[in-house]
Amino acid sequence: MATANKTCSLGRRIYRFTVSVSGVIALLIILWGCTANDFNAGAIAWKTYSNSRYGFEFPYPSNWTSLAAPANDDGIGFLSPQDNSVEVRGWASQQLPNSIITDQESVKKIKPNFQTAQGVSGVLVVEVDQQVGSMTLTLTQSQVKYYWQGRSKSQDFQNYYRLFYYIAQQYRIPKS
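All figures in this text were calculated on a predicted structure; none of them were measured in a lab. (Residues numbered from 1 in each chain as written. Predicted model: local features only at pLDDT ≥ 70, side-chain atom pairs only at ≥ 80, totals over all residues. Heavy atoms only, no water.)

## Focus: the overall build of the protein chain
- Broken down by element type, the protein chain carries two helices and nine strands.
- Once local pairs closer than 6 in sequence are excluded, the contacts in the protein chain between residues at least 24 apart make up 50%.
- Total accessible area on the protein chain is roughly 11,100 Å²; 53% of this is exposed by carbon and sulfur atoms. (Helix = DSSP H or I, 4+ residues; strand = E, 2+ residues; numbered from the N terminus. Contact = heavy atoms within 4.5 Å. Areas by Shrake-Rupley, 256 points an atom, 1.4 Å probe, with all protein chains shown as cover.)

What follows is the structure, given as structure tokens:
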């Protein structure tokens, strides 16, 4: 009886490992086809959203629908007309001074890994889980954090990666 339990336990571990490895392999396959070099931005009609409160701007496809802007005017979102689960958002917020933040974990610095066409360095994070794929750009200047995000269903993320990447590159913030 003890042998059966060990085998079952080992079987579960192998299954969990296989599931996690297959998830990583699936993500690598998705991202393999997602190089942003051959995206044809000229084939899309663009509009530019400009935020009056924080001064950032980014392009979005002209046929996308805007979501209601929050009352504090910190940003906006746009939905694809073909699939309302595909969205892009841009927003900004004032950073709290470090003296107010008590949890040192929350002030960890992530090294910049991305540069916008404007020449601003930031952090670009791509996450794909079973339901949602997202690309999030964070730029920091003075006491303001600027964000941009593109999201879609995981199974469609590879179709939107190039679009999201292009918009992230074009995200602009005020000159310091």
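From this point, things continue past the structure.
## Focus on the sheet that holds strand β5 (residues 87–94)
- Strand order in this open sheet of seven strands is β3-β4-β5-β9-β8-β7-β6, and the pairing throughout is antiparallel. Edge positions in the sheet fall to β3 (65–66) and β6 (114–115), since each has one partner strand and no second.
- Judged from the 10 bridges that link them, strand β8 (residues 132–141) and strand β9 (residues 144–153) form a sheet pairing that is antiparallel. Along β9, the bridge assignment pairs Gln141 with Val144.
- Each of β5, β6, β7 (121–128), β8 and β9 touches helix α2 (residues 157–170); the most contacted strand, β9, lies at about 160 degrees to it. (Pairing = 2+ DSSP bridges. Axes fitted to C-alpha atoms, helices over the stretch in contact; angles between N-to-C directions.)

## Comments concerning the environment of Ser152
- Secondary-structure assignment places Ser152 in strand β9.
- On the basis of relative accessible area, Ser152 is assigned to the buried category, the value being 2%.
- Separated by 19 residues in sequence, Ser152 and Gly133 have C-alpha atoms that sit 5.5 Å apart.
- Discounting chain neighbours no more than four positions away, the residues touching Ser152 are Ser85, Val86, Gln131, Val132, Gly133, Phe157, Tyr160 and Phe164.
- Engagement of the side chain of Ser152 in a polar contact is seen with the backbone nitrogen of Phe157, the distance being 3.4 Å. (Buried < 20%, exposed > 50% of the residue type's maximum accessible area, 1.4 Å probe, protein only. Polar contact = N/O pair within 3.5 Å; in protein donor to acceptor, adjacent residues only side chain to side chain.)

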